[in-house]
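# Chain and residue survey
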Amino acid sequence: MSANANCAPDGRDAGNETDVAKRLDEVVLIIARLIGRRMAREDYDKALRAANDNAPPARDGAGPVTEDKD
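Attention in this report is confined to the structure presented alongside it. All values reported here derive from a predicted model rather than from experimental measurement.

Within the chain one finds 1 helix and 0 strands. When each of the 70 residues of the chain is scored for burial, the buried share is 4%. Carbon together with sulfur atoms contributes 55% to the accessible area of the chain, which is approximately 6,800 Å² in total.

Now the structure itself:
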């Protein structure tokens, strides 16, 4: 088989250019959806952390402040 046989990796014939363009469009849309979902999850997580910042501030970066009970 020549290097430019236009066959898919699994050995099937790649077909004409419109089929290849159609498959490429589908792959691009799938990747775009995955990226969008990932970005949405990250934004959602950031919003939850911002809304739930009830922890007292740390002193000099030593961790959470603990109050003495006596």
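Glancing now at a nonpolar patch on the surface. Taken together, the side chains of Val27, Ile31, Ile35 and Met39 make up a nonpolar region of the molecular surface, amounting to roughly 370 Å² of accessible area. Taking the relative accessible area as the measure of exposure, isoleucine 35 reaches 47% and is therefore partly exposed.

Rules used throughout
- Residues numbered from 1 in each chain as written.
- Predicted model: local features only at pLDDT ≥ 70, side-chain atom pairs only at ≥ 80, totals over all residues.
- Heavy atoms only, no water.
- Helix = DSSP H or I, 4+ residues; strand = E, 2+ residues; numbered from the N terminus.
- Buried < 20%, exposed > 50% of the residue type's maximum accessible area, 1.4 Å probe, protein only.
- Areas by Shrake-Rupley, 256 points an atom, 1.4 Å probe, with all protein chains shown as cover.
- Patch = residues over 30% accessible without salt bridge, like charges linked within 9 Å, V, L, I, M, F, W, Y side chains within 5 Å.
- Salt bridge = Lys/Arg side-chain N within 4 Å of Asp/Glu carboxyl O.

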